[in-house]
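Report on the structure
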Amino acid sequence: MLNRFSRREFAKLFGSAAIVPSALPALASVAPATHHTAAPAPQRFPQGFLWGSATASYQVEGAVKEDGRGPSIWDTFSHTPGKTNNGDTGDVADDHYHRYKEDVQLMKALGLKTYRFSVAWPRIFPQGKGTPNSKGLDFYSRLVDELLANNIQPYCTLFHWDLPQALEDKGGWQSRDTSEAFANYAGYVAQHLSDRVKHFMTLNEMRSFVDIGYRDGRHAPGLKLSAGKVNQVRHHAVLAHGLGVQAIRAHARPGTRVGIAENANSCVPVIETPEHIVAAAKAYRETNAGYLTVIMEGRYTDAYLAHAGADAPKFTPEDLKAIGSPLDFVGINIYTPQYVRADDSPAGYALVPMPASFPHMMSSWLHTGPEALYWSPKLASELWGIREIYITENGASSSDVLAPDGHVYDTDRVMYLRSYLTQLHRAVREGVPVKGYFCWSLMDNYEWADGYAYRFGIHYVDFKTQKRTPKLSAHFYREVIARNGLA
Ligand code: PNW
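The sections below set out a description of the structure shown in this document. Computed from a predicted structure; not experimentally measured.

Some details on unusual backbone geometry
Note the cis peptide between A220 and P221, where omega equals 5°. Put simply, W440 and S441 share a cis peptide bond, and its omega is 10°. For S441, the location among the structural elements is in the loop between β12 (434–440) and β13 (459–462). Notably, A63 is not glycine yet its phi reads approximately 50°, a positive angle. Mapped onto the fold, A63 is located in the loop between α2 (57–60) and α3 (73–78). Taking the relative accessible area as the measure of exposure, A63 reaches 8% and is therefore buried. Residue N151 is not a glycine yet carries a positive backbone phi of 65°. One can find N151 in the loop between α6 (134–149) and β4 (153–159). What makes N151 exposed here is its relative accessible area of 67%.

This is the structure:
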């Protein structure tokens, strides 16, 4: 057992540069290790690198009927029998709406520099548009004040999937009106929070909510639309982003920075040779064509439109102009790699399927490929000349259990984070302009259709008592932040 060693004994055995899980009882009060001469070159990040953590409104807040919040599509979906694991809903979740002060203290104890949260649209506009509900905005105002009082920079996402049900009833993302309603809502929030919030992200993971919610039917609103309709939904999502950027710029204080948080398909060359690297870059551009590519280039690629054929989305040149609005930064959520190889086909690349034996975390989709955290920001910055990138999410689900001694030894999550951050460090060292990293997630929460059984937190949450316990991964992450690096 680790806690039989003092930090000094541990350092003698493993080297003082090794990260010691210092929160284990016997090690708790010892100062951070210093490097001795035999230590490997320290893997430090640039000064000012922003270490953060992320959550999303419906996954943590609870209080779904409080202070005038209107229903969202996730309330409807999660209350529909058979749609979510165990019938779990976000009715209470982490009760963060009432416990946000306690949660900010968790962040402070970690040493977080920044925290990414999302605003629940139906708290601000219970009907999606119309008269705003000031009590809804008050909650985020209090949260922002609490963050700033604790020296934590707020990064605000405006849409993390909880679409007002009233808008879904009128067609939801199938309707262009939803894109316009989003812009109106985004401008309103930016107007009222940009005195203190300097970074806004429009939409979170368009790829996920469009493809999983409107094509596969596994997420709210649970639709399985035809290809043509899905392409139109996707267009309305990127249009909402573009109109949202314009509205934020029109209503926010000068100096407010605007970006997005998209789960780009993170292409990774199967082997790091020039031919496969070129193939990965081509695949990155084409497999993200309906999302990040159209946003960065202001046009759909020829291959995207040719592939869609008669099912291509309907759009105007003005739409494309809005969609391509220049951004101050780009956020990428990265969990898992898409391996790519060079190919003789006209496309020049082929996607390599995952072997059944490929290691994954508790979520079966979450294959463990740390190089994704190197290649995804590198390819994005090279393809589009992006100068400011954030990893807006990265993390892992694990079958966490409370040990008899009260700790959660999530060694698999620690291994995941260590190996992914090693690859992020490689990118930063080579000059890829990644300015910050947000670990998903601060605490266990409502993992959408997978419910509460799938835990992504670095804090364990007992959902009966709402008690939060830092896992081994929280202690690991705190050490990373304290030394601004690995090792
Ligand atoms: C992201 N997939 O979702 C979301 O932004 C978070 O809200 C979520 O909790 C987190 O990642 C972990 O799942 C995803 O199937 C959901 O590839 C599904 C997938 C990817 C991301």
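What about the state of the cysteines?
The term disulfide refers to a covalent linkage connecting the sulfur atoms of a pair of cysteines. In total, this model carries zero disulfides according to the counting rule given. Lacking any disulfide linkage, C439 is separated from the closest cysteine sulfur, that of C156, by 20 Å.

Some details on helix α11 (residues 274–287)
For α11, built from 14 residues, the straight-helix expectation of 20 Å at 1.5 Å per residue is met to within 8% by its first-to-last C-alpha distance of 20 Å. Within the span of α11, buried status applies to H276, A279, A280, A283, Y284 and T287. Summarising the axial view, the buried residues of α11 lie within an arc of 140°, below the 170-degree limit, and thus occupy one face. In α11, those exposed residues whose orientation departs by more than 90 degrees from the buried face are P274 and E275.

Things to note about the packing of helix α9 (residues 206–215) against helix α10 (residues 227–251)
Remark: α9 packs on α10, axes separated minimally by 10 Å, with the N-to-C direction vectors making an angle of 150°. Classified by the interaxial angle, the pair formed by α9 and α10 is roughly antiparallel. Read as a crossing pair, α9 and α10 show a hand that is right-handed. Mapping the contact onto sequence places M206, F209, V210, D211, Y214 and R215 in α9 and V230, V233, R234, A237 and V238 in α10. Grouping the constituent residues of the contact of α9 with α10 by class yields eight nonpolar, no polar and three charged.

Basis of the calculations
Here the residue numbers are simple positions, counted from 1 along each chain's written sequence. Totals for whole chains, interfaces and linings use every residue, but because this is a predicted model, local features are given only for residues with pLDDT of at least 70 and side-chain atom pairs only at 80 or more, for both listing and counting. The basis for the side-chain values is all heavy atoms of the structure; hydrogens and waters are excluded. Runs of H or I in DSSP of at least four residues are treated as helices and runs of E of at least two as strands, each being numbered from the N terminus. Each residue's exposure class comes from its accessible area (1.4 Å probe, protein chains only) as a fraction of the maximum for that residue type: buried when under 20%, exposed when over 50%, partly exposed otherwise. By convention in this document, the label disulfide applies to cysteine sulfur atom pairs within 2.5 Å. Helix span, expected: 1.5 Å multiplied by one less than the number of residues in the helix. Working definition: the arc comes from the directions between the helix axis and the C-beta atoms, pointing outward to the latter. The angle between two axes is taken between their N-to-C directions and runs from 0 to 180 degrees, where each axis is a line fitted to C-alpha atoms and a helix contributes only its stretch in contact. Just so you know how the angles are binned, under 35 degrees is roughly parallel, over 145 roughly antiparallel, 65 to 115 roughly perpendicular, and the rest oblique. Helix crossings are classified by the rotation of the near helix relative to the far one: an anticlockwise turn of less than a right angle makes the crossing left-handed, while a clockwise turn makes it right-handed. Every residue pair with non-hydrogen atoms within 4.5 Å of one another is taken to be in contact. Residues are grouped as follows: Ala, Val, Leu, Ile, Met, Phe, Trp, Tyr, Cys and Pro are nonpolar; Asp, Glu, Lys and Arg are charged; all remaining types, including Gly, are polar.

So yeah, pure geometry; function would need other evidence.
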